[in-house]
Amino acid sequence: DAGVIQSPRHEVTEMGQEVTLRCKPISGHNSLFWYRQTMMRGLELLIYFNNNVPIDDSGMPEDRFSAKMPNASFSTLKIQPSEPRDSAVYFCASSPQGNSYNEQFFGPGTRLTVL
Amino acid sequence: EDKVVQSPLSLVVHEGDTVTLNCSYEVTNFRSLLWYKQEKKAPTFLFMLTSSGIEKKSGRLSSILDKKELFSILNITATQTGDSAIYLCAVNYGGATNKLIFGTGTLLAVQP
């Protein structure tokens, strides 16, 4: 199993540009999570999906952030327009069952730098 | 407000030392507590704890949960430089979901 796949691994962009982060969860996993990690705030949950449906997006910072999961094997997190304070590592994680307390498996992350 | 607090924030020890990392929590609908290790990449799973007083052990690492006092500890004996990492504690809560809330982590540095 390839694990959770994220792309790109690194992204450097200028303020105001649109950024799209991509994630492919582990095959067969029902739940998908987007996290953001910074030194100041640690690891924060942004949004999670269960069976491709967004369940809780209360962690999404503001309207500039949006996430989609069009099918069971793909999700995107988009920031438009990006700002320097969005610079962070963004992790995607997946879990095998939405209504259990199983562990989450993390992808390698995307390091985003907004200049 | 649901929260997970870890202590200490950082720790420097020498190889061979034993360390204890702490995690306390206040959440509704507690389901489980998980420990992750994060080196220069994604967090990797160490333990999941659901019952009080039952120690989970893997090599030199062990962990235990106290659901009455709402905390967990992670012990590492005979530390090695490869144990240097951020150790994250997370709690699964909020009803029939897999939602995790993470602590800010403990940065452990093991010196030769």
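None of these values were measured; they are calculated from a predicted model.

S.K.: Would you mind going over the overall build of chain B with me for this structure?
M.R.: Of regular secondary structure, chain B possesses 0 helices and 11 strands. The C-alpha radius of gyration of chain B comes to 14 Å, within 12% of the 13 Å expected for a compact globule of 112 residues. Along the three orthogonal principal directions, the C-alpha set of chain B runs to about 45 × 25 × 20 Å. Classification of the 112 residues of chain B by burial places 45% in the buried group. Contacts in chain B between residues at least 24 apart in sequence constitute 54% of all its contacts with a sequence separation of at least 6. A total accessible area of about 5300 Å² is found for chain B, and carbon and sulfur atoms account for 52% of it.

S.K.: Just to check I follow, could you spell out the pairing of strand E3 (residues 19–26) of chain B for this structure?
M.R.: One face of the sheet, then the other: side chains in a regular strand alternate in exactly this way. All names here are of chain B. Residues Val19, Leu21, Cys23 and Tyr25 of E3 are buried on one face, while the alternating residues Thr20, Asn22, Ser24 and Glu26, pointing to the opposite face, are not. Where E3 meets strand E8 (residues 71–76), 6 bridges bridge the pair, whose relative direction is antiparallel. Looking at the pairing, Asn22 lines up with Ile73 of E8.

S.K.: Looking at this model, I keep getting lost on the interface of chain B and chain A. Mind explaining?
M.R.: Note: interface size is frequently given as the accessible area lost on complex formation between the parts. Chain B puts 19 residues into the contact, and the matching count from chain A is 21 residues. Where chain B meets chain A, there are 0 salt bridges. On the surface where chain B and chain A come into contact, there are 2 residue pairs in polar contact (both at pLDDT 80 or more).

S.K.: Looking at this structure, how should I read the packing of aromatic side chains?
M.R.: For any two aromatic rings, the description comes down to two numbers: the centre-to-centre distance and the angle of the planes. Residue and element names in this part refer to chain B. Within this structure, the stated rule accounts for 10 aromatic pairs over all chains. Between Tyr36 and Phe45, the aromatic rings sit 5.9 Å apart at their centres with planes inclined by 75 degrees, giving edge-to-face as the arrangement. Assessed through its relative accessible area of 0%, Tyr36 is described here as buried. Relative accessible area serves as the criterion here: at 29%, Phe45 is assigned to the partly exposed category. A centroid spacing of 5.8 Å and a plane angle of 50 degrees characterise the contact between Tyr36 and Phe102, whose relative ring orientation is tilted. Remark: Phe102 occurs in strand E10 (residues 100–102) and Tyr36 occurs in strand E4 (residues 32–38); sequence separation between them is 66 residues. Accessibility assignment for this pair places Tyr36 and Phe102 in one class, buried.

S.K.: Help me understand the pattern of salt bridges, please; the structure alone is not making it clear to me.
M.R.: Opposite charge on two side chains lets them pair, provided their charged atoms get close. Residue and element names in this part refer to chain A. Going through the model one piece at a time under the given rule, you end up with 9 salt bridges over all chains. A salt bridge links Arg85 to Glu62; the shortest N-O distance between them is 3.2 Å. Residue Arg85 is located in the loop between strand E8 (74–79) and strand E9 (88–95), and its partner Glu62 is located in the loop between strand E6 (53–56) and strand E7 (65–71); the two are separated by 23 residues in the primary sequence. Relative accessible area serves as the criterion here: at 26%, Glu62 is assigned to the partly exposed category. Between Arg85 and Glu83 there is a salt bridge, with its nearest N and O atoms 2.6 Å apart. Overlapping salt bridges, with partners in common, bring together Glu62, Arg64, Glu83, Arg85 and Asp86 in one network.

S.K.: It is not clear to me how the sheet that holds strand E3 (residues 19–24) of chain A should be interpreted in this structure. Could you clarify?
M.R.: In sheet architecture, strand pairing relies on hydrogen bonds along the backbone and comes in two forms, parallel and antiparallel. Residues and elements named next belong to chain A. An order of E1-E3-E8-E7 is seen for the 4 strands of this open sheet, with the pairing classed as antiparallel. This sheet does not close on itself; its edge strands, each paired only once, are strand E1 (5–7) and E7. Looking at each pair of strands side by side, their axes are set apart by 15 degrees on average, direction ignored. Taken together, the 5 bridges between E3 and E8 define a ladder with antiparallel strand orientation. Paired with Thr20 across the two strands is Lys78, which belongs to E8.

Cut-offs used in this document
- Residues numbered from 1 in each chain as written.
- Chains lettered and ligands numbered in written order.
- Predicted model: local features only at pLDDT ≥ 70, side-chain atom pairs only at ≥ 80, totals over all residues.
- Heavy atoms only, no water.
- Helix = DSSP H or I, 4+ residues; strand = E, 2+ residues; numbered from the N terminus.
- Rg over C-alpha atoms; globule rule 2.2 N^0.38 Å.
- Buried < 20%, exposed > 50% of the residue type's maximum accessible area, 1.4 Å probe, protein only.
- Contact = heavy atoms within 4.5 Å.
- Areas by Shrake-Rupley, 256 points an atom, 1.4 Å probe, with all protein chains shown as cover.
- Pairing = 2+ DSSP bridges.
- Salt bridge = Lys/Arg side-chain N within 4 Å of Asp/Glu carboxyl O.
- Polar contact = N/O pair within 3.5 Å; in protein donor to acceptor, adjacent residues only side chain to side chain.
- Phe/Tyr/Trp six-rings, centres within 6.5 Å; stacked < 30°, edge-to-face > 60°.
- Axes fitted to C-alpha atoms, helices over the stretch in contact; angles between N-to-C directions.

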